[in-house]
Amino acid sequence: QQRLLATKAVTSKNCLQPPDLTCNVCGHSLYTQWGFMMMENMWSADCAYVKKLLHPRIFEERWKASTEDILLMKQYGQLATQIFPELPEVFGVDEHVFKQWVGSHPSLKP
């Protein structure tokens, strides 16, 4: 059901031919609590925006290193927060890393 809704959203006229230039990424479910991520990893985007993103492999390496740092800080009591439940989809690890990729540039305008 979610994949069907996401597919319909990113292939809609509003996503593929936005009425103005107020956004550069469009999708069904943009989550912002832990980072800017598309939960279904389905989106359409302006090519100029995508060119600004890190290469996916480089992004994955850097994201993994950052996630390891956060988890170590939590383990050693240097980061005392409950806002980050330790779930793979929250930290964007494994198959979830690329849900974070499209929202990783500061010029994101969803």
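Residues numbered from 1 in each chain as written. Predicted model: local features only at pLDDT ≥ 70, side-chain atom pairs only at ≥ 80, totals over all residues. Heavy atoms only, no water.

Okay, the overall build of the chain next. Broken down by element type, the chain carries 6 helices and 4 strands. Beginning at the N terminus, the succession of helices and strands in the chain can be written as α-α-β-β-β-β-α-α-α-α. Sequence-distant contacts, at least 24 apart, represent 62% of the contacts inside the chain between residues at least 6 apart. Within the structure as shown, the chain displays about 7500 Å² of accessible surface, and the carbon and sulfur contribution to it stands at 57%. (Helix = DSSP H or I, 4+ residues; strand = E, 2+ residues; numbered from the N terminus. Contact = heavy atoms within 4.5 Å. Areas by Shrake-Rupley, 256 points an atom, 1.4 Å probe, with all protein chains shown as cover.)

Although it is not a glycine, N41 adopts a positive phi angle of roughly 55°. With respect to the helices and strands, the residue N41 is situated in the loop between β3 (37-38) and β4 (44-45). Residue class for N41 comes out partly exposed when judged on its relative accessible area of 35%. (Buried < 20%, exposed > 50% of the residue type's maximum accessible area, 1.4 Å probe, protein only.)

Formed by V25, M38, Y49, L53, F59, V97, W101, V102 and L108, the largest nonpolar core amounts to 9 residues. Residue contacts for V102: discarding those within four places in its chain leaves V25, M38, W43, Y49, L53 and L108. (Core = buried A, V, L, I, M, F, W, Y, C linked by side-chain atoms within 4.5 Å.)

Moving on, we come to the state of the cysteines. Evaluated as defined, the whole model comprises 1 disulfide. Free cysteine C23: the closest other cysteine sulfur is in C26, separated by 5.7 Å. Given a relative accessible area of 24%, C23 falls into the partly exposed group. (Disulfide = S-S within 2.5 Å.)

A word on helix α4 (residues 56-75). Taking 1.5 Å of rise per residue, 20 residues should cover 28 Å, and α4 covers 28 Å from first to last C-alpha, within 8% of that figure. The set of residues buried in α4 consists of F59, T67 and K74. Down the axis of α4, the buried set is contained in an arc of 60°. They therefore lie on one face. Counted as exposed and oriented over 90 degrees from the buried face of α4: R57, E61, R62, K64 and Q75. At the C-terminal side of α4, G77 shows a positive phi close to 75°. (Expected span 1.5 Å × (residues − 1). Arc of directions from axis to C-beta.)

Enumeration over the complete set of coordinates arrives at 1 salt bridge. When the shortest N-O distance is used, the salt bridge between R3 and E40 registers 3.9 Å. Of the two residues, R3 is situated in helix α1 (residues 2-10) and E40 in the loop between β3 and β4; the sequence distance between them amounts to 37 residues. (Salt bridge = Lys/Arg side-chain N within 4 Å of Asp/Glu carboxyl O.)

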